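Structure at a glance
Here are the chains, one letter per residue:
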Amino acid sequence: MSLASAMTSAAEVLEQNPPDLVCPITHEIFTEPVINGAGQVYERAAIEMHMRRSNIDPVTRMHLHPSSGLTPVWIVKSRALEFREKTARQCVQQAYHSPGQDAVRYLRRAVELCGDAKFSIQGLSRSCVQYVQTHPSSVHDTVCMRLFAAGLLAAGLKDEAASVYYSLLQEGADRAQQAELLRQCLACWSPDLHGQPDDSTFEKLSRSVERQNSFSWGRIIDIVQDAGFGDTFALRLCEELILRDVAEDSSSSKAEWAMQKEVILKYVQISRHSLASKQQTTDAALTSLTQHLVQQRQTQQSLLQQLQEHQQASLPQPEDKQPKHSVAGKGKPSWYKRRKSVAALGWAAASLLQHDSLALRTFKVASLLCMIHDPHR
């Protein structure tokens, strides 16, 4: 028997109700079974409503005496409750192990069995039960399964919740929804998605990828990148898929080899993209550093030039180095400022004397000394 046929037969068994535990009027499993005067067992609410309209037994067609009452059947009630709880638990287990519509069918069956009963199933939250009961349309199946996964995670069933999220991922309408479902799936195994997940997370994800047949491995890696986990995460997943398959079975079929080839190509593409991104980052850092060094050197040269100018300005200048356009004799006595005129007058007076006396020689020497010490003569 194939796996598909085995799952189909299991689903049929779970959806079937034992005839001795079903009310002949409601065709549902007993909740409050009672027996009437004709010896037939019915659901209390259903038979009471029938007796208000007629005194004829619905099954045997016997006339019922008005004084005949209804007696609870405790053994039937116990068996019905046991069947509800056992079958509901099995349906919940099948719901998080089955893909697609089969999972929804098991979930709705579990809610049907335990909705009115006074027992709880681990992983089946009250919010999920209430939503499934009030939304019977298949349009709401995705929301039902999301609530079911959230209940499993709240109950500590992390692997089961991740399995439901991954099953929903395969039914996702667009890449954005698939990326969000993948994040929720990984959050079940590794709550801190900002850091790099551990080895067990990659192992569980690669196992889930291998088990499914809806997507190719390359498509899953694309969804990983759409979810924003980065090139490092995608490369690690590629390595897990390639090495895991090689370790498990060296003889692969053509289909398996095609998937391995696709993963290898994805690995190369992501590696090239990652190296290109790192190269661009390195080039940008080097360019920024070069510009900073050039600016720093220019600043140092400007500061050095200002320092040299300041030192030159602070040193005293000798008289022969004074600018040509400076005011001659600035700060000197008044007779020194008029030395040219004094010298000219001396030479004029000397020319009027007829003899070379001592006074004449002395005047000539003084006039000559005044002209020698004048830089603008």
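Reference entry: report on the structure contained in this document. (Residues numbered from 1 in each chain as written. Predicted model: local features only at pLDDT ≥ 70, side-chain atom pairs only at ≥ 80, totals over all residues. Heavy atoms only, no water.)

Observations regarding the overall build of the protein chain
Broken down by element type, the protein chain carries 15 helices and three strands. Across the 377 residues of the protein chain, 32% fall into the buried class. Residue pairs in contact within the protein chain that sit at least 24 positions apart in sequence constitute 57% of those at least 6 positions apart. With an accessible surface of roughly 24200 Å², the protein chain has 56% of that area assigned to carbon and sulfur atoms. (Helix = DSSP H or I, 4+ residues; strand = E, 2+ residues; numbered from the N terminus. Buried < 20%, exposed > 50% of the residue type's maximum accessible area, 1.4 Å probe, protein only. Contact = heavy atoms within 4.5 Å. Areas by Shrake-Rupley, 256 points an atom, 1.4 Å probe, with all protein chains shown as cover.)

A few points about helix α8 (residues 175-189)
Note on helix geometry: an α-helix contains 3.6 residues per turn, so any two residues three or four positions apart are oriented the same way. For α8, which comprises 15 residues, the first-to-last C-alpha distance of 22 Å matches the rise-based estimate of 21 Å (1.5 Å per residue) to within 8%. Within α8, burial applies to Gln178, Ala179, Leu181, Leu182, Cys185, Leu186, Cys188 and Trp189. (Expected span 1.5 Å × (residues − 1).)

Details of the pattern of salt bridges
The tally for this structure, following the rule as stated, stands at eleven salt bridges. Where Arg183 meets Glu180, a salt bridge forms, and the shortest distance between an N and an O atom there is 3.0 Å. Of the two residues, Arg183 and Glu180 are both situated in helix α8; the distance of three residues between them amounts to about one turn of the helix. You can call Arg183 partly exposed: its relative accessible area is 27%. Overall, Glu180 belongs to the partly exposed group, its relative accessible area being 32%. (Salt bridge = Lys/Arg side-chain N within 4 Å of Asp/Glu carboxyl O.)

Here's the deal with the packing of helix α3 (residues 74-97) against helix α6 (residues 141-154)
α6 packs onto α3 with a crossing angle of 105 degrees between their chain directions and a minimal axis gap of 12 Å. One way to sum up the angle between α3 and α6 is to call them roughly perpendicular. Touching Val92, Ala95 and Tyr96 of α3 are Met145, Phe148 and Leu152, all from α6. (Axes fitted to C-alpha atoms, helices over the stretch in contact; angles between N-to-C directions. Parallel < 35°, antiparallel > 145°, perpendicular 65-115°, else oblique.)

Looking at the sheet that holds strand β1 (residues 33-35)
Judged by pairing direction, the sheet is antiparallel, and its three strands sit side by side in the order β2-β1-β3 without closing on themselves. With partners counted over all chains shown, the strands left at the sheet margins are β2 (41-43) and β3 (71-72), one partner each. Here two bridges tie β1 to β3, and the two strands are oriented antiparallel to one another. Within the sheet, the bridge partner assigned to Ile35 lies in β3 and is Thr71. (Pairing = 2+ DSSP bridges.)

Focus on a nonpolar patch on the surface
On the surface, a nonpolar cluster with roughly 280 Å² of combined accessible area is contributed by Leu286, Leu289 and Leu293. As for its position among the elements, Leu289 is in helix α12 (residues 254-314). Judged by relative accessible area, which is 46%, Leu289 ranks as partly exposed. (Patch = residues over 30% accessible without salt bridge, like charges linked within 9 Å, V, L, I, M, F, W, Y side chains within 5 Å.)

Concerning the packing of aromatic side chains
Taken as a whole and judged by the stated rule, the model has two aromatic pairs. Ring plane angle 40 degrees and centroid distance 4.8 Å describe the contact between Phe202 and Phe233, whose orientation is recorded as tilted. A residue pair is termed long-range when its members are at least 10 positions apart, and Phe202 in helix α9 (residues 199-211) and Phe233 in helix α11 (residues 230-248) qualify at 31 residues. Put simply, the rings of Phe202, Phe229 and Phe233 pair up and form one aromatic cluster. (Phe/Tyr/Trp six-rings, centres within 6.5 Å; stacked < 30°, edge-to-face > 60°.)

Focus on α9
In this model α9 runs 19 Å from its N-terminal to its C-terminal C-alpha over 13 residues, within 8% of the 18 Å that 1.5 Å per residue would give. Inspection of α9 places Thr201, Phe202, Leu205, Ser206, Ser208 and Val209 among the buried residues, and these make up the whole buried set. For α9, the angular spread of the buried residues around the axis is 160 degrees, confining them to a single face. Exposed side of α9, more than 90 degrees from the buried face: Asp199 and Arg211 are the residues found there. (Arc of directions from axis to C-beta.)

With respect to the side chain of Ser167
Among the structural elements, Ser167 can be located in helix α7 (residues 158-170). Leave out the neighbours within four places in its chain, and Ser167 touches Ser98, Pro99 and Gly100.

Let's talk about the environment of Leu124
Inspection of the secondary structure assignment puts Leu124 in the loop between α4 (100-114) and α5 (126-134). Leu124 gets classed as buried once you look at its relative accessible area, which sits at 8%. Separated by 25 residues in sequence, Leu124 and Ala149 have C-alpha atoms that sit 8.9 Å apart. Setting aside residues no more than four positions away along its own chain, Leu124 makes contact with Val92, Leu107, Ala110, Val111, Cys114, Val129 and Phe148.

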